[in-house]
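Chain and residue survey
Here are the chains, one letter per residue:
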Amino acid sequence: MLTQNFNQPLCKSLRRKIGKALSQWHMIDPGDNVLVGLSGGKDSLILLHALHEFQRRSPVKFSLAAFTVKLSGLDTSPLQAYCDSLGVPFSVIEHDIIAIINARNEKSPCSFCSNMRRGIISSWASQNGYKKLALGHTLDDAVETFFMNLIHTGRAKSFQPKLLMTRTGVTVIRPLVLSTEAAIIDEVKRLSLPVVKSPCPFAGHTERQRIREYISELGRNVPDLYGKILHALQNLSDSESWQS
């Protein structure tokens, strides 16, 4: 059983970044039912923690729940206990995506898994009255996606901070999109959040990991690399632009 006090406030710097993203892209409206995609990783745990804090403090009133697509071998009991400690409803659907990836001999397992989980969650959200789906993608994820698209498709684009999924009518929001992985790692440690080890056999051996290492090397020679990419995303001239 968890004994930590999970109602400790976020550090001010991370709270400001998340608050800015929520405001800049008008992510949450009064009366929204918001569902958090909770994988058990550090990003989704910080996302739930942050939205729970904003729910208590913000004059904008909204409801909050969490949902996990359970991969084979994933222990969701710490996530259930964590959500119980916050008073946040928690639901789980088990889906053996890893077996599907292996059966298909999928060349891009991370992308396939991400898309499949997002589809499962958004469908469940729509069926259960949730119009906003909050995902834990960070600024690092956005920069990595930008480089992956640039290298493999020749397009300067990344995912959107806020995007309506027309098939389900659910709007995906990414409140961590201005926050870095480094800041999130520090905060997860400080708050002692219950990170659950992923059973994914592909972790650390993907194209995204190779791009991450490339960006890390590039960042040692390019001052404020992330700031420059963020500026580019906000100033693209077409529909891929991150305009507010």
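Whatever comes next refers back to the structure up there.
Residues numbered from 1 in each chain as written. Predicted model: local features only at pLDDT ≥ 70, side-chain atom pairs only at ≥ 80, totals over all residues. Heavy atoms only, no water.

Remarks on the sheet that holds strand β5 (residues 162–165)
Rule in force here: Strands are treated as partners if at least two bridges between them are detected by DSSP. Runs of E in the DSSP output that reach at least two residues are strands. Runs of H or I that reach at least four are helices, and both are numbered from the N terminus. With axes taken as lines fitted to C-alpha atoms, and helix axes fitted only over the stretch in contact, angles between N-to-C directions fall between 0 and 180 degrees.
Ordered by their spatial adjacency, six strands build an open sheet running β3-β2-β1-β4-β6-β5, and the pairing between neighbours is mixed. Each edge of the sheet is formed by a strand with only one pairing partner; in this case those strands are β3 (90–94) and β5. Shown here is a sheet whose adjacent strand axes are inclined to one another by a mean of 25°, direction ignored. The pairing of strand β1 (residues 33–37) with strand β4 (residues 132–134) spans three bridges and is classified as parallel.

Description of the packing of aromatic side chains
Heads up, the rule is: Classification of ring pairs rests on two measures: the distance between centres of Phe, Tyr or Trp rings, Trp counted by its six-membered ring, which must be within 6.5 Å, and the angle between planes, read as stacked under 30 degrees, edge-to-face over 60 and tilted in between. Categorising residues by exposure relies on relative accessible area from a 1.4 Å probe, with only protein chains included: less than 20% of the type maximum marks a residue as buried, more than 50% marks it as exposed, and the intermediate range marks it as partly exposed.
Throughout the structure, instances matching the rule amount to four aromatic pairs. Their ring planes at 35° and their centres at 4.6 Å tell us that F67 and W124 sit as a pair that is tilted. Highlighted residues: F67 in strand β2 (residues 63–70) and W124 in helix α5 (residues 109–127), separated in sequence by 57 residues. W124 matches F67 in its accessibility class, with the two residues each being buried. For the pair W124 and Y130, a centre-to-centre distance of 5.9 Å together with 15° between the ring planes defines the contact as stacked.

Description of the packing of helix α2 (residues 42–57) against helix α7 (residues 181–191)
Heads up, the rule is: Roughly parallel covers angles under 35 degrees, roughly antiparallel covers those over 145, roughly perpendicular covers 65 to 115, and oblique covers all other angles. Residues are treated as being in contact if the distance between any of their heavy atoms lies within 4.5 Å. Under the convention adopted here, Pro, Cys and the residues Ala, Val, Leu, Ile, Met, Phe, Trp and Tyr are nonpolar, Asp, Glu, Lys and Arg are charged, and Gly plus all remaining residues are polar.
Packing of α2 against α7 leaves a shortest axis separation of 10 Å and a crossing angle of 70°. Taken together, the axes of α2 and α7 lie roughly perpendicular to each other. Residue-level contacts link K42, D43, I46 and H49 of α2 to E181, I184, I185, E187, V188 and L191 of α7. Here the contact of α2 with α7 is built from residues that sort into five nonpolar, one polar and four charged.

Side note on the pairing of β5
In the sheet, β5 pairs with strand β6 (residues 170–173) via four bridges, with the strands oriented antiparallel. By the bridge assignment, L163 is partnered in β6 with V172.

Comments concerning the pairing of β3
As a reminder, the rule being used: Here, the term right-handed applies to a crossover whose path from the first strand over the helix to the second runs clockwise when the strands point away from the viewer.
In this structure, β2 lies alongside β3, joined through five bridges in parallel fashion. Within β3, the position partnered with F67 by the bridge is S91. Crossover handedness for the path β2 to helix α3 (residues 77–86) to β3: right-handed.

Details of the packing of α2 against α3
At a minimum axis distance of 11 Å, the contact between α2 and α3 shows a crossing angle of 10°. As judged from the angle between their axes, α2 and α3 are roughly parallel. Contacts between α2 and α3 involve L45, L48, H49 and H52 from the first element and L79, Y82, C83 and L86 from the second. Looking at the contact of α2 with α3 residue by residue, the class counts come to six nonpolar, two polar and no charged.

Considering the nonpolar core
This is how the line gets drawn: Think of a nonpolar core as a cluster: buried Ala, Val, Leu, Ile, Met, Phe, Trp, Tyr and Cys residues, connected wherever their side-chain atoms sit within 4.5 Å.
Counting 53 residues, the largest nonpolar core has I46, L48 and L51 as its most contacted members. The leading source of residues in this core is α2, at seven residues. Apart from the residues within four sequence positions on either side, I46 is in contact with L10, L14, L176, I184, E187, V188, L191 and L193. Residues I98, I101, L133 and L135 belong to the second largest nonpolar core, which totals 19 residues.

A word on the environment of G41
With respect to the secondary-structure elements, G41 resides in the loop between β1 and α2. Linking G41 and V195, residues 154 residues apart in sequence, is a C-alpha distance of 5.4 Å.

Details of the pattern of salt bridges
Put simply, the rule is: Salt-bridge detection follows one rule: a side-chain nitrogen of Lys or Arg within 4 Å of a carboxyl oxygen of Asp or Glu.
Counted according to the given criterion, the structure contains nine salt bridges. One salt bridge in this structure joins R15 and E53, with 3.3 Å as the shortest N-O distance. Of this pair, R15 sits in helix α1 (residues 12–24) while E53 is found in helix α2, placing the two residues 38 residues apart along the sequence. Look at E53 and you get buried, because its relative accessible area is 2%. D32 is paired through a salt bridge with K132; the nearest N and O atoms lie 2.6 Å apart. Note that D32 is positioned in the loop between α1 and β1 and K132 in strand β4, a separation of 100 residues in sequence. Each member of the pair, D32 together with K132, is buried. Each of R15, E53 and R57 takes part in one network of salt bridges that share partners.

Some details on α3
Put simply, the rule reads: This arc is built from the directions going out from the helix axis to the C-beta atoms.
Considered for burial, the residues of α3 that qualify are L79, Y82, C83 and L86. Buried positions in α3, seen along its axis, are confined to an arc of 95° and lie on one side of it. Structurally, α3 contributes buried residues whose contacts are with α2, β2 and β3. In the segment just after α3, G87 is the residue with positive phi, at about 75°.

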